[in-house]
Structures are given as C-alpha cells and as structure tokens.
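# Fold and contact review
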Amino acid sequence: MKAAEFEYFRPTTLDEACGLLADTGDDADRCLLAGGQTLVPMMAMRLARPTHLIDINRITELQGIRDLGGSVEIGAGTRQRAVEKDPITRRKLPLLAAALPHVGHHQTRNRGTVGGSIVLGDASAEIPLVALILNATLIIHRRDGRRETMADGFFEGPMMTALEPGDILTTIRFPVWDGTTGSAFHEVAPRKGDYALVSAGAQVALDANGTCIRAAIGVGGCAPTPLRLQAVEDALVGQRLTDALITQAIAPVPDLIDPESSVHASAAYRRRAAPQLVQRALLDALSEARP
Amino acid sequence: MIATIDIEFTVNGKPVRISVPPRMTLVDCLRDMLGLTGSHIGCEHGVCGACSVMLDRVPIRSCLMFAVQADGAAVTTVEGLEGPDGKLSPLQEAFWDCHAMQCGYCTPGMLVAAQGLLDENPTPTSAEIREAISSNLCRCTGYQQIVEAIQLAAQRMNEGVDHA
Ligand SMILES: Cc1cc2nc3c(=O)[nH]c(=O)nc-3n(C[C@@H](O)[C@H](O)[C@H](O)COP(=O)(O)OP(=O)(O)OC[C@H]3O[C@@H](n4cnc5c(N)ncnc54)[C@H](O)[C@@H]3O)c2cc1C
Ligand code: FES
Ligand code: FES
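Note that the structure is a prediction, hence the values are computed from the model and not measured.

Residues and elements named next belong to chain B. Here strand 1 (residues 5-11) pairs with strand 2 (residues 14-20) via seven bridges, running antiparallel. The residue bridging isoleucine 5 from the neighbouring strand is valine 20, located in strand 2. Once strand 1 ends, the chain turns through two residues before running back antiparallel as strand 2, passing asparagine 12 with a positive phi of about 50°. Here strand 1 pairs with strand 5 (residues 74-76) via two bridges, running parallel. Each residue of the ladder has a partner; that of valine 11, found in strand 5, is valine 75.

Pasting the structure below:
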C-alpha cells in the first residue's frame, strides 16, 4: 500500500502549473495533486502511477470564494470544509451548503477540494450534482489558453468529463438565484460520510403569488453521471406547488433514471428511493421558500 | 532512484528539518523517521482514521498526504495533545475515566478527531460528536464510551475543573 516513485513538483503560479502539465514529448505520466483524498488512495493501491506529480495546493490563484453579486466564484483548490463554513456560501448558495456536509467527513473535507471532486465527476458525488443542478460555469486553463464551459454537458460518462489532458479547472462560477427561493439536499448512504447510494437536490423560486417560476432538480447515483430531471422541472414551473402536484410531478422519476445495481443497493431499490428523495427535497425547498 | 527532498516543519511545536523521498506519506515520516508511533496505520487508504493528525490545527488523515506536502506546516500528533508537564489533556483524562478504549488501536485518531471538534465547538451535542468521529473506525468499543468521554471532556473543560 505504498505509492510508486514519482517526481514531485510544487508550482506556486497557475502559469507554472500549466507549463509543467503541458510539458510532454516523453512518456511521462503527469498528474495534478489537489486534496489527495481520492488520488492518494489510488496511488497507494497502484491504480494510479503518475511519474510526475504536480502539487497545486500552493497556487493562491486557485483559492478563495468571491461574491460577484449575481454569482459566486469558488477557486477550484478551495477546501470543501472552507466552502461549507463560509457565510457567502451559506447565504447565496444554500444548495451547495446543504450538500457539502454529506461529502465524506470533517477530516476529508479539510483537505478535499471543490475542484477535485468536480474533475472526478463521480455519479454519486454531491458537488458535481450541485454544479449540474445550478448549471455552474467551469473555468479551465491550459498552457495555450482559457475557456469556459457549462456543467451541463461536462459530465460525459462514468468518471469521465470534458476535461482534456493538460487542462486545469481553476474556478467554478455558481449562479445565484434572486427572489424568493428555497433549496434542499437529501441522500441515502450506507454510513454517514459514504458516497450516496441515491441523492437528490432541488432549488425552487416562487413569485409573489407563490407560483413556481423556476425549478432545478437533479439526482445522483441514478445513471452513469449526475442527472438533471428536466421533465420534473417542467411539470412544476408556472404552477402553484401543492403536495398533490409534487406527487404527480415525481411520478415519472423511475423512468427518467438508469441506475445500476451494486453490492449496496439494487437498481430496483434506487428506482424506489429516487422519487422519495426528490419529493423530500422539493417539499423542503418549498417550505424554505415560503415565508 | 528519485532524490529526497528537504523539508522544514514543526511537529508538536518543535522544528524539524528532514529529507524525505517524495512518495513517503506523512504518517510514515512521523512514525519511521521521527519515532512518533502514536499515529497508527490502519488501512493506508483513507477509510479508517487511525492516522489522524492535526495539520495547521485541523484534523486530517496523514496517510493521504505526502510528507513533502507538510513543508512549512504545523503538525500535531497524539503525542502533542498532552500538557507541557506531561499530564494527560482533559480529553485524554476523560477517555481514561470513561474506558473509551479497548485495544487502543483507534484511540490516537479518535483523540485527534475529538480534539479537532472541541477546538471548533466547545459545546458539541451528541449528534455533533458522532458526526465528528464518523470518520474514525473502532472495532472494539461500539463507540458509546467514546461519545461519553468526549461529552465529559467538553463538560469539564467548560467548567474549567482540573480532574487530574
Ligand atoms: C473516507 C472518504 C470518504 C469520501 N466520501 C466522499 C463522499 O461521500 N462524496 C464525495 O463526493 N467524495 C467523497 N470522497 C472523495 C472526496 O473527499 C475527494 O475530495 C474528491 O473526490 C477529490 O478531491 P481532491 O481535492 O481530494 O482531489 P485529488 O484526489 O487530489 O484529485 C482527484 C483527481 O482530480 C484531478 N484534479 C484535482 N484538481 C484538479 C483541477 N483543479 N484541475 C484538473 N484536475 C484536477 C487530479 O489530478 C486527480 O486525478 C471521500 C474520500 C474519502 C477518503
Ligand atoms: S491509515 Fe489513514 S485513514 Fe486508515
Ligand atoms: S479500541 Fe480497539 S479499535 Fe477502537
């Protein structure tokens, strides 16, 4: 259970890191090290054997939470626990704040980063799901440029994303909803801190009459990627949300998802749990939105 | 062979200068190079919590960090929790009083996790205690006495009573 040998690099600027990562022409396997909460176990088990490890923990450009009014930008290297405790996150990104306590444990969140989780793109992971539900903008740098891409479309398959070799995710820009909004996040996991078997997040906005003007809903652990439930959203927008309407809107959920069986939960279990969790998240989001 | 890297950090308040191979984990460095065998190795891949130490005052898993990454940091191990006079800390004392250990393998990690909680939240509820130690596995105790010990430590620390 010891990692194979590697050469260690510790850039202090983004430019330097992009250069180190892009520097190919040999058969070196270059890999970024963020919080290490997934990569280091993989290296210990020799499932990952980078020859060049580029530690991005000392790059200040990747750190921090910035309130831009209509959006909040989180540096990819910001620790999950720092984001969880931050007053800006709690006030402006309540869905993210609700999801973060489910990500591992205090100890893993003290090291694990927001960007590292999104880059892994695990279908059961909470942060990618929230990024998808809110359709966050992902800002990516590489040696020869910078681009922005939306979370919708970023998660391509099981642990596969649109990130290319040489790319560094630098910032995640989460849109902030104004007006009367509510949000909630629920999951079932074998034990506290484990990856979710099934998770669901919902955010709704209401107008002055209590009509739903916006809804964003997604589930984790139900498909090869985190999944947004557009059909459920469409059934809610423009309506006054009652318990009966919500029950009706979630009815198609088992057909919208494509879960697999694992040792911890069968596909049939996930099909039953998903609508329940979506309903719970919606009801809680609604009661938070209503004064 | 890949060259070793010189690092400087503090361990339990004492400055350390050492040269480590990049692939050496922090827990191996603490145990094998510095002789601090209080931090235990259970799983070596982040699931058991036996290797918990404080890094810049917050608990982390020292098997999930390479020692080179601790360059410039302040590390506190279970050995550093005791008072300067060598007396057990209120938390350690409470573990003793509540019989919060059997084989003791998980105990250093539990103490570090619990100290991290009490530093941040001096009056934790039982649910908050369970949450904070959810990262640490114990095969022996069934956790109940550990929760009670942390509660007792919090109570004593808040009363400011010295029970040594
Ligand atoms: C006991 C335990 C329980 C856990 N439970 C959960 C859980 O319930 N839910 C959950 O979602 N996760 C969980 N995790 C994983 C989570 O803690 C990790 O933090 C996260 O998945 C990866 O983030 P990291 O910063 O540690 O990334 P690392 O492990 O350092 O890196 C992961 C991968 O992403 C790449 N990478 C990292 N940052 C960037 C970047 N900015 N740009 C490009 N590539 C990058 C790395 O090269 C690597 O390939 C758990 C981990 C442990 C040890
Ligand atoms: S030895 Fe580090 S978590 Fe198990
Ligand atoms: S006392 Fe034996 S593992 Fe906890």
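On to the sheet that holds strand 13 (residues 212-220) of chain A. Residue and element names in this part refer to chain A. Read from one edge of the open sheet, four strands run 11-12-13-14, paired in antiparallel fashion. Of all the strands in the sheet, just strand 11 (180-188) and strand 14 (227-228) have a single pairing partner and so form its edges. Sitting on the sheet, helix 8 (residues 126-133) is in contact with strand 11, strand 12 (198-206), strand 13 and strand 14, with an inclination near 150° to strand 13.

Moving on: the site of ligand 1. Residue and element names in this part refer to chain A. Taken together, 33 residues are adjacent to ligand 1, and Leu32, Gly36, Leu39, Thr113 and Glu126 come closest. Within the backbone of glycine 35, one N or O atom sits 2.8 Å away from an oxygen atom of ligand 1. For ligand 1, whose unbound accessible area comes to 980 Å², protein coverage reaches 92%. Listing elements by their share of the shell around ligand 1, those giving two or more residues are strand 2 (30-33), helix 7 (114-120) and strand 10 (168-175). Top contributing element to the shell around ligand 1 by residue count: helix 7, with four residues. Looking at the shell around ligand 1 residue by residue, the classes come out as 16 nonpolar, 14 polar and three charged.

Turning our attention to the interface of chain B and chain A. Contacts between the two partners involve 30 residues from chain B and, on the opposite side, 34 residues from chain A. Summing the contributions of chain B and of chain A, the shared interface buries around 2700 Å²; its carbon and sulfur component is 54%. When the buried area of chain B at its contact with chain A is split by residue, Arg23, Leu64 and Phe66 of chain B rank highest and sum to 23% of it. For the pair chain B and chain A, the interface holds six salt bridges. The closest approach of N and O atoms between glutamate 131 of chain B and lysine 192 of chain A, which form a salt bridge, is 3.5 Å. Elements represented by at least two residues in the side of chain B that touches chain A include exactly strand 3 (52-55), strand 4 (58-61), helix 3 (107-120) and helix 4 (126-132) of chain B. Looking at which element gives the most residues to the side of chain B that touches chain A, the answer is strand 4 of chain B, with four residues.

Another point: the environment of threonine 211 of chain A. Residues and elements named next belong to chain A. Here threonine 211 shows up in the loop between strand 12 and strand 13. Under the relative-accessibility criterion, threonine 211 is labelled buried at 18%. Along the sequence, threonine 211 and alanine 136 sit 75 residues apart, while their C-alpha atoms lie 25 Å from each other. Excluding its chain neighbours within four sequence positions, the residues that come into contact with threonine 211 are Ala205, Leu206, Gly238, Gln239 and Arg240.

For the rest of this paragraph, the subject is helix 10 (residues 243-250) of chain A. All names here are of chain A. Leu245, Ile246, Ala249 and Ile250 are the residues of helix 10 that are buried. The buried residues of helix 10 all sit within an arc of 125° when viewed along its axis, so they share a single face. Those residues of helix 10 that are exposed and angled more than 90 degrees off the buried face are Asp243, Ala244 and Gln248.

This part takes up the sheet that holds strand 3 (residues 52-55) of chain A. All names here are of chain A. Ordered in space as 1-3-2, the three strands form an open sheet in which the pairing is parallel. Unpaired on one side and paired on the other, strand 1 (7-9) and strand 2 mark the two borders of the sheet. Sheet twist, expressed as the average angle between the axes of neighbouring strands with direction ignored, equals 25°. Bridge count between strand 2 and strand 3: four bridges; the pairing is parallel. Across the sheet, cysteine 31 pairs through a bridge with leucine 53, a residue of strand 3. Of the strands in this sheet, strand 1, strand 2 and strand 3 touch helix 1 (residues 14-22), which is tilted by about 150° from strand 2.

A separate point is the domain arrangement of chain B. Accessible area lost upon the coming together of the parts is a frequently used measure of interface size. Residues and elements named next belong to chain B. For chain B, the assigned domains are domain 1 (5-81) and domain 2 (90-159). Between domain 1 and domain 2, the C-alpha centre-to-centre distance is 21 Å. The interface is formed by 15 residues belonging to domain 1 together with 13 residues belonging to domain 2. Summing both sides of the interface, domain 1 and domain 2 together bury roughly 1200 Å²; the carbon and sulfur share of this comes to 64%.

Right, let's get into the packing of helix 3 of chain B against helix 5 (residues 144-159) of chain B. For any two helices packed against each other, one specifies the inter-axial angle together with the distance between the axes. Residue and element names in this part refer to chain B. The geometry of helix 3 relative to helix 5 is characterised by a closest axis approach of 11 Å and an angle of 40° between their N-to-C directions. Here helix 3 lies oblique to helix 5, going by the angle between them. Both helix 3 and helix 5 take part in a crossing whose hand is right-handed. When helix 3 is examined against helix 5, the residues Met110, Ala114, Gln115 and Leu118 are found in contact with a partner set consisting of Ile146, Ile150, Ala153, Ala154 and Met157. Broken down by class, the residue content of the contact of helix 3 with helix 5 amounts to eight nonpolar, one polar and no charged.

Residue and element names in this part refer to chain A. A contiguous nonpolar surface patch, about 380 Å² in accessible area, is contributed by Met1, Met42, Met45 and Leu47. Summarising the element assignment, leucine 47 is placed in the loop between helix 2 (39-44) and strand 3. On the basis of relative accessibility, which here comes to 64%, the residue leucine 47 falls in the exposed class.

About the cut-offs
- Residues numbered from 1 in each chain as written.
- Chains lettered and ligands numbered in written order.
- Predicted model: local features only at pLDDT ≥ 70, side-chain atom pairs only at ≥ 80, totals over all residues.
- Heavy atoms only, no water.
- Pairing = 2+ DSSP bridges.
- Helix = DSSP H or I, 4+ residues; strand = E, 2+ residues; numbered from the N terminus.
- Contact = heavy atoms within 4.5 Å.
- Axes fitted to C-alpha atoms, helices over the stretch in contact; angles between N-to-C directions.
- Near = heavy atom within 4 Å.
- Polar contact = N/O pair within 3.5 Å; in protein donor to acceptor, adjacent residues only side chain to side chain.
- Areas by Shrake-Rupley, 256 points an atom, 1.4 Å probe, with all protein chains shown as cover.
- Nonpolar A, V, L, I, M, F, W, Y, C, P; charged D, E, K, R; others polar.
- Buried area = accessible area lost by both parts, 1.4 Å probe.
- Salt bridge = Lys/Arg side-chain N within 4 Å of Asp/Glu carboxyl O.
- Buried < 20%, exposed > 50% of the residue type's maximum accessible area, 1.4 Å probe, protein only.
- Arc of directions from axis to C-beta.
- Domains from an automatic or database assignment.
- Parallel < 35°, antiparallel > 145°, perpendicular 65-115°, else oblique.
- Left-handed = near helix turned anticlockwise from the far one by under 90°.
- Patch = residues over 30% accessible without salt bridge, like charges linked within 9 Å, V, L, I, M, F, W, Y side chains within 5 Å.

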